[in-house]
Amino acid sequence: MKQVIAARTDIGMGQGKLAAQVAHASLKAYEYADENVKRRWKAEGQMKAVVKVSGERELYAVAEEAKHHGLPSAVIEDAGRTQLEPGTPTAVAVGPAPDADVDQVTGDLSLF
């Protein structure tokens, strides 16, 4: 079981902003998972990986692919309080779900 969070590389997020957006995406996608998946993922250590997407188009393509496969997912849009304009899509989380299912959607993306 794992979760992969894809974050944009084209918008110049600082390290703190990146960490916050990844955390938001992780938690939001987790909320969409069913209870059995949540329990299993927590019991297995809540494996997460952060990968890169080049821009908004690729971010939404990952989100659509996750939905197509019936995986829990969540796109995060920034509130605009610090570095980015309000509504800027920053990250998408896929999972928690079985590794192979998540890999179908994110397996070709490079680690952040």
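### Quick notes on helix α2 (residues 35-43)
So, point 1. Among all positions of α2, only V37, K38 and W41 are buried. Viewed along the axis of α2, the buried residues span an arc of 100°, placing them on a single side of the element. In α2, the exposed positions that point more than 90 degrees away from the buried face belong to N36, R39 and A43.
So, point 2. Tucked inside the fold, the buried residues of α2 contact β1 (2-8), α1 (15-32), β2 (48-53) and β4 (89-97).
So, point 3. The opening residue of α2 is D34, an N-cap whose side-chain oxygen sits 3.0 Å from the backbone nitrogen of N36.
So, point 4. Among the residues trailing α2, G45 stands out with phi positive, at a value near 100°.

### Let's talk about the nonpolar core
Generally speaking, soluble globular proteins have nonpolar side chains that are buried together.
So, point 1. Membership of the largest hydrophobic core comes to 16 residues, with the highest contact counts inside it found for V62 and V94.
So, point 2. Element by element, the count of residues in this core is highest for helix α3 (residues 56-68), at four residues.
So, point 3. For V94, the contacting residues outside a window of four places in its chain are K2, Q3, V4, V62, A66, L71, P72, S73, V102, V105 and T106.
So, point 4. Judged by nonpolar contacts, the second largest core, of 13 residues, contains A7, I11, L18 and A25.

### Side note on the environment of T106
So, point 1. By the element assignment, T106 lies in helix α4 (residues 99-106).
So, point 2. Classification of T106 as buried rests on a relative accessible area of 4%.
So, point 3. On a C-alpha basis, the gap between T106 and Q3 in space is 9.8 Å, while along the polypeptide they are 103 residues apart.
So, point 4. In this structure T106 touches V4, V62 and V94, once residues within four positions along its chain are discounted.

### Section: the sheet that holds β4
So, point 1. Here we have four strands laid out as an open sheet, ordered β2-β1-β4-β3, and mixed in their pairing. Taken across any chain shown, the strands that pair with only one partner, and hence form the sheet edges, are β2 and β3 (73-77). Averaged over all adjacent pairs, the angle separating strand axes in this sheet is 20°, with direction ignored.
So, point 2. Note: β3 against β4, five bridges, orientation antiparallel. Within β4, the residue paired with A74 across the bridge is A93.
So, point 3. Across the face of the sheet, α2 comes into contact with β1, β2 and β4 while running at roughly 90° to β4.
So, point 4. Its contacts with the sheet put α4 on β1 and β4, and the angle it makes with β4 is roughly 150°.

Quick notes on the rules
Residues numbered from 1 in each chain as written. Predicted model: local features only at pLDDT ≥ 70, side-chain atom pairs only at ≥ 80, totals over all residues. Heavy atoms only, no water. Buried < 20%, exposed > 50% of the residue type's maximum accessible area, 1.4 Å probe, protein only. Helix = DSSP H or I, 4+ residues; strand = E, 2+ residues; numbered from the N terminus. Arc of directions from axis to C-beta. Contact = heavy atoms within 4.5 Å. Polar contact = N/O pair within 3.5 Å; in protein donor to acceptor, adjacent residues only side chain to side chain. Core = buried A, V, L, I, M, F, W, Y, C linked by side-chain atoms within 4.5 Å. Pairing = 2+ DSSP bridges. Axes fitted to C-alpha atoms, helices over the stretch in contact; angles between N-to-C directions.

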